[in-house]
Amino acid sequence: MNDTSTLIVALAAQQLLFACGWWMQARNIAAQRKALLHWSVFCALTGLSLLLFGEAARRAAPELAQVLRNVALVAGAMALRRGLLQFSHQPLRDREQMLVFAVYIAALALLGTSDDAAARRTIVIAIVMCWLPLRMAYELYRGARSEFGAPAVACVGAPLAAVGVAMGVRGVLAIVRPDAAAASITVAAGFNVALLLTVAVVLAVFHFALNVRVARRMVAELEHLSSHDSLTQLLNRRAFEQRLTGEIAAGIRAGAPLGLLLIDIDHFKRVNDRLGHQAGDAVLREVADRLAAAVRRSDVLARVGGEEFGVLLPDTDAPGIRQAAERLRLAVCGRPLDRPEGPLEVTVSVGASMRLSGESDAEAMLRRADQALYRAKAEGRDRTVFDTLAQVSEASAAPVVAPAIDAV
């Protein structure tokens, strides 16, 4: 066994180990399972392709081994591309892949398996295996850079581009020096050894970088789950209270006002009792969507309880808080919700408050907004009530301290 054959066996073993690794990860990461399984198929097929260069396969059925290893190599690359497209949430382009694969198979069939056509077969394989990695690198950069950033995506795309360039060089060499470059990869030629070493290093870097991206996405998803409500995808109460504390601190530093709204769906229990919890969940999602469409970009919207939502209004004075509260209330009750059982009228009650001068207690601010919400419910629902402790005098712009709460 020469140096090239040893490298081929080592590279095949490397790919088969990667195949096992991606398969085991796919069993445990449901959200990325399809992409990971495609990468496992890619590693398995490329490992198989390399093993078919072995002496045993070439002696037993040389022509069959030649056909199978060429087909497995390209099929594996296409599986990798499909997995990367799934991972980066892009269209799969199956028709394009099938067309390329069909043309590739037809070209190999026309060329046959004779030694005379070895250079032409090498050129065909080099064209396909140059185009596919370069195409994958471009698609990955375009589809994933917004999520991971350009430098991180380049760590995955650069090895793909390197493989594409290496295969392109092999194709050019097959044209210029067909006897050397088109010879079997098992021949201990300098170019073959360099190519195999390059591929081994590049594949190791590629799989490592891809693993880092998978882990980074998992961490981001876990962070999202810890701070967001799973039903509405809004911030949860814990994250909302953290943002409230931060906004209070920022308001104190900047001397800026801060508004707080608590919004509760009226008679929500009746919806669950009459239509069921699935209908109740649908109502919550629709109300969340309507509120999200009505808040400003700078506002912070969260689901803080069963049917209760919270909104932070940074740099918003008392009149602005009143306007925002009414805008959000009307966004929900402005038109009935479309339900299979028929149109469903939904209204909300809103309790509004704002940060008092010098106030730094988030709990106190929440408590006053909650008291305002309680009054809105007690006074007939479908209304906004403002905590008058936080109302600002138009003349002095100073807090007016009063024990009562006004209905808007």
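All values reported here derive from a predicted model rather than from experimental measurement.

**As for the pairing of strand β4 (residues 348-354)**
Logical step 1: Of all the 7 residues making up β4, 7 are buried; the element is thus mostly covered by neighbouring parts of the structure.
Logical step 2: Here β4 shows no split at all, with Val348, Val350, Ala352 and Met354 on one side and Ser349, Gly351 and Ser353 on the other all buried.
Logical step 3: Sheet analysis places strand β1 (residues 258-265) next to β4, joined by 7 bridges and oriented antiparallel. Looking at β4, one finds that Ile263 is bridged to Val350.
Logical step 4: As defined by bridge partners, β4 adjoins strand β5 (residues 384-387) across 3 bridges and the pair is classed as parallel.

**Looking at the nonpolar core**
Logical step 1: In terms of nonpolar packing, the biggest core is built from 49 residues, with Leu36, Trp39, Val74, Leu80 and Leu84 touching the most fellow members.
Logical step 2: In terms of residue count, the dominant contributor to this core is helix α6 (residues 118-148) (11 residues).
Logical step 3: Those residues in contact with Leu84, other than ones at most four positions away along the chain, are Trp39, Met136, Leu140, Leu160 and Leu210.
Logical step 4: Leu261, Leu284, Leu291 and Ala294 belong to the second largest nonpolar core, which has 32 residues in total.

**Quick notes on empty space enclosed by the protein**
Logical step 1: Applying the stated criterion across every chain yields a total of 1 cavity of 30 Å³ or more.
Logical step 2: Taken together, Phe87, Leu140, Ala144, Phe148, Val153, Val156, Leu210 and Arg213 form the lining of the largest cavity.
Logical step 3: Elements with a minimum of two residues in the lining of the largest cavity: α6, α7 (150-176) and α9 (190-227).
Logical step 4: In terms of residue count, α6 provides more of the lining of the largest cavity than any other element does, 3 residues in total.
Logical step 5: For the lining of the largest cavity, the per-class residue count stands at 7 nonpolar, no polar and 1 charged.

**Focus: the side chain of Gln14**
Logical step 1: Along the polypeptide, Gln14 turns up in helix α1 (residues 3-28).
Logical step 2: By relative accessible area, which is 18% here, Gln14 ends up buried.
Logical step 3: Here the side chain of Gln14 touches Ala200 through a polar contact of 3.3 Å, landing on its backbone oxygen.
Logical step 4: Leaving out residues up to four positions away in the same chain, Gln14 has contacts with Ala200, Leu203 and Ala204.

What counts and how
- Residues numbered from 1 in each chain as written.
- Predicted model: local features only at pLDDT ≥ 70, side-chain atom pairs only at ≥ 80, totals over all residues.
- Heavy atoms only, no water.
- Buried < 20%, exposed > 50% of the residue type's maximum accessible area, 1.4 Å probe, protein only.
- Helix = DSSP H or I, 4+ residues; strand = E, 2+ residues; numbered from the N terminus.
- Pairing = 2+ DSSP bridges.
- Core = buried A, V, L, I, M, F, W, Y, C linked by side-chain atoms within 4.5 Å.
- Contact = heavy atoms within 4.5 Å.
- 1 Å grid on protein atoms, 1.4 Å probe; cavity = no way out; pocket = protein on both sides within 12 Å on 5 of 7 lines; lining within 4 Å.
- Points joined across faces, edges and corners; volume = space filled by probe spheres on them.
- Nonpolar A, V, L, I, M, F, W, Y, C, P; charged D, E, K, R; others polar.
- Polar contact = N/O pair within 3.5 Å; in protein donor to acceptor, adjacent residues only side chain to side chain.

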